[in-house]
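Working through the structure, step by step
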Amino acid sequence: MTAELQALPDTNSRLQEPCIGAGAISADGGAAVQQLSKNQQKKRAKKERFAANKAAMKLAEKAAKHADTARRRSEVQQKFAAMTEEERDAWRLARQAKRQDRRAETEQKRSKLQQAMEDGQGIVIDLDFEEHMTETEAKSLCGQLQYCHSSNTRSAVPCHLYFTSMQGGIAKQAEKQLSGMDNWHVTRQQMPYIDFFQERRADLVYLTADSPNELSELDGSKLYIIGGIVDRNRHKNICFNKAMSQEIQTARLPIEAYIKLASSKVLTVNHVVEILLAWLECKDWKEAFFRVIPTRKRAAEDPSVAAQPDEMADHPDESTEATVPAEKEMPGASVVLGAACCAQPSCVRLDSPGLSQEMIESSDKRTKLEPPQSHLSLL
């Protein structure tokens, strides 16, 4: 019996053994391994699985693209085979004209961007905040830089974009994430803006929501700086304090004068660039804000969220869907016809396009709504 007990493993001694990877010191005297929480372990495992499957995912996407290209080519060949000779000639001419139009449009955009590089409004994105961001936030910032370039390319009045302090981890992530960046019409500099624009220091204006100075209009002789940081608003006044320490001008967009925001006044980098581009095109802050700022960031009680019909007439390019949620039913009504025409709960518009008289009558019978005549739009 005693021999059998001695043969059994010592469970207590096994439990007391140091656990490598749980904050203990290894048997060979190595450094302690930092203990990871369950969430950190899950994130690490997920990242490893993604890295292992990334090559397979790329191959699958490439195969799907090839299959789609082959399918479309087969459809065109079948359609072309069923044409007469005259139809084939007409199809060739139309295809050639379409290519020429596309080339002319591309050349026009390239010409405008080259001109903007010479005398366009200067907008600087300061990328000197790498140490304040996580890896995920740096990736998000690079995505915003791509949106900035795309918006500037499509803009009717493009600007001269500068990326300063583009070095270190941000530069490596951008090279990895932003394909074709070498062909962008953007001035990229490893130097900080304060050194690169040393001779134009008096023209530098840092745009930050913490500035007491409200921006009335853009000055073509100024260089407007946008803080290139994604920090979920952790670092308060970081851009404003930086500008104050460098003794350069600051300004903030006049958002509060036109739109009430539901949350923070801080916008993404690409949203600020898009607002500035919109102002360069229309010279109207209200229209620029309406074009760019998403409805989810606007306060529910803000009149700009539920604009009156006469206000909507001042902005014909804005759809009703951008100001009043189309899917949300109004209190006191079981069905909504078109958009609300006023603040009355029972008021509905019956002049929405696509509604026939029979549909209006049938809907009226179902809802039993009798709105006041003063709030009922005429048919």
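Residues numbered from 1 in each chain as written. Predicted model: local features only at pLDDT ≥ 70, side-chain atom pairs only at ≥ 80, totals over all residues. Heavy atoms only, no water.

**Notes on the overall build of the protein chain**
Applicable threshold: A helix here means a DSSP run of H or I that spans at least four residues, while a strand means a run of E at least two residues long, and both kinds are numbered starting from the N terminus. The buried label applies to any residue whose accessible area, calculated with a 1.4 Å probe on protein chains only, is under 20% of its type's maximum; exposed applies above 50%, and partly exposed to all values in between. Any two residues whose heavy atoms approach within 4.5 Å are treated as being in contact. Surface exposure here means Shrake-Rupley accessible area, sampled with a 1.4 Å probe, where a residue is shielded only by the protein chains that are shown.
Broken down by element type, the protein chain carries 12 helices and 6 strands. Counting the 379 residues in the protein chain, one finds 33% classified as buried. Taking contacts inside the protein chain between residues at least 6 apart in sequence as the whole, the part at least 24 apart equals 66%. When the accessible surface of the protein chain is totalled, it reaches about 24800 Å², and 50% of it is carbon and sulfur.

**Overview of a positive patch on the surface**
Applied cut-off: Each patch is built from residues lacking any salt bridge and having more than 30% relative accessible area; the joining distance is 9 Å for like charges and 5 Å for nonpolar side chains (Val, Leu, Ile, Met, Phe, Trp, Tyr). Should a side-chain nitrogen of Lys or Arg be within 4 Å of a carboxyl oxygen of Asp or Glu, the pair is scored as a salt bridge. Here the positive residues are Lys and Arg and the negative ones are Asp and Glu; neither His nor the chain ends is included. Charged side chains are reduced to one point each, which is NZ for Lys, CZ for Arg, CG for Asp and CD for Glu.
Taken together, the side chains of R95, K98, R99, R102 and R103 present a region of like positive charge at the surface. Note on placement: K98 falls in helix α4 (residues 85-119).

**Quick look at the pairing of strand β5 (residues 223-227)**
Put simply, the test is: DSSP calls a pair of strands paired once it identifies at least 2 bridges connecting them.
Of all 5 residues making up β5, 5 are buried, and the element is well covered by its neighbours. Burial along β5 is two-sided: the residues L223, I225 and G227 and Y224 and I226 are all buried. Bridge count between strand β1 (residues 122-126) and β5: 5 bridges; the pairing is parallel. Paired with I123 across the two strands is Y224, which belongs to β5. The sheet contact formed by strand β4 (residues 204-207) and β5 spans 4 bridges and is parallel.

**Things to note about the pattern of salt bridges**
The full count for this structure, using the stated rule, is 17 salt bridges. Linking R88 and E85 is a salt bridge whose minimum nitrogen-to-oxygen distance equals 4.0 Å. Highlighted residues: R88 and E85, both in helix α4, separated by 3 residues, approximately one helical turn. Overall, R88 belongs to the partly exposed group, its relative accessible area being 22%. As a salt-bridge pair, D182 and R188 come within 3.0 Å of each other at their nearest N and O atoms. Of the residues examined, D182 reaches a relative accessible area of 65% and is grouped as exposed. On the basis of relative accessible area, R188 is assigned to the partly exposed category, the value being 33%. If you follow the salt bridges from partner to partner, you end up with D68, R71, R72 and E75 in one network.

**Some remarks on the state of the cysteines**
Filter applied, for reference: What counts as a disulfide here is a pair of cysteine sulfur atoms lying within 2.5 Å.
One pass over the full model with this rule turns up 0 disulfides. The structure places no disulfide on C148, whose sulfur is separated from the nearest cysteine sulfur, that of C159, by 8.7 Å. Among the residues examined, C148 registers a relative accessible area of 0% and is labelled buried.

**A closer look at the side chain of T250**
The line we're drawing: In the analysis that follows, any N or O atom pair within 3.5 Å is treated as a polar contact, provided that within protein one partner can donate a hydrogen and the other can accept it, and provided that, for residues neighboring in sequence, both atoms belong to side chains.
Here T250 is to be found in strand β6 (residues 249-251). Here the side chain of T250 touches S211 through a polar contact of 2.9 Å, side chain to side chain. Once residues within four sequence positions are removed from consideration, T250 is found in contact with V205, Y206, T208, S211, P212, N213, F240, A243 and M244.

**A word on the packing of aromatic side chains**
Two aromatic rings are characterised by how far apart their centres lie and by the angle between their planes. Our working definition: Two rings belonging to Phe, Tyr or Trp (six-membered ring only in the last case) form a pair when the distance between their centres is within 6.5 Å. Interplanar angles under 30 degrees mark stacking, angles over 60 mark edge-to-face geometry, and anything in between is tilted. Geometrically, a charge over a ring is one whose NZ (Lys) or CZ (Arg) sits within 6 Å of the ring centre while staying within 35 degrees of the ring normal.
Within the structure shown, the criterion is met by 8 aromatic pairs. A centroid spacing of 5.9 Å and a plane angle of 70 degrees characterise the contact between Y193 and Y206, whose relative ring orientation is edge-to-face. Residue Y193 is located in helix α7 (residues 193-196), and its partner Y206 is located in strand β4; the two are separated by 13 residues in the primary sequence. The structure contains a cluster of three or more aromatic residues connected by ring pairs, namely Y258, W279, W285 and F289. A cation over a ring is seen here: K242 above F129, with NZ or CZ 4.7 Å from the ring centre. In this structure, R298 is placed above the aromatic ring of F290, and the distance from its NZ or CZ to the ring centre is 5.0 Å.

**Concerning the packing of helix α5 (residues 135-154) against helix α9 (residues 269-282)**
Our working definition: Working convention: axes come from line fits to C-alpha atoms, limited for helices to the stretch in contact. Angles between N-to-C directions cover 0 to 180 degrees. By the definition adopted for this analysis, an angle is roughly parallel if under 35 degrees, roughly antiparallel if over 145, roughly perpendicular if from 65 to 115, and oblique otherwise. Should the near helix be turned counterclockwise from the far one by less than a right angle, the crossing is left-handed, whereas a clockwise turn marks it as right-handed. For this scheme, ten residues count as nonpolar: Ala, Val, Leu, Ile, Met, Phe, Trp, Tyr, Cys and Pro. Four count as charged, namely Asp, Glu, Lys and Arg, and the remainder, Gly too, count as polar.
One way to put it is that α5 packs onto α9 with a least axis distance of 8 Å and a crossing angle of 15 degrees. The orientation of α5 relative to α9 falls into the category roughly parallel. Read as a crossing pair, α5 and α9 show a hand that is right-handed. Note on element contacts: α9 touches α5 through V269, N270, V273, E274 and L277, opposite L141, Q144, Y147, C148, S151 and N152. Within the contact of α5 with α9, the residues separate by chemical class into 6 nonpolar, 4 polar and 1 charged.

**Re the sheet that holds strand β2 (residues 160-164)**
If you trace the 6 strands from one edge of the open sheet to the other, you get β3-β2-β1-β5-β4-β6, paired in parallel fashion. The sheet terminates laterally at β3 (186-188) and β6, the two strands that pair on one side only. Neighbour-to-neighbour, the strand axes of this sheet turn through a mean angle of 30 degrees, independent of strand direction. As paired strands, β2 and β3 are joined by 3 bridges and run parallel to one another. Bridging from a neighbouring strand, L161 pairs with V186 of β3.

**Details of the environment of Q173**
Structurally, Q173 can be placed in helix α6 (residues 168-177). On the accessibility criterion, Q173 (14% relative accessible area) is buried. The spatial distance from the C-alpha of Q173 to the C-alpha of E135 is 9.1 Å, given a sequence separation of 38 residues. For Q173, the contacting residues outside a window of four places in its chain are A138, K139, C142 and L178.

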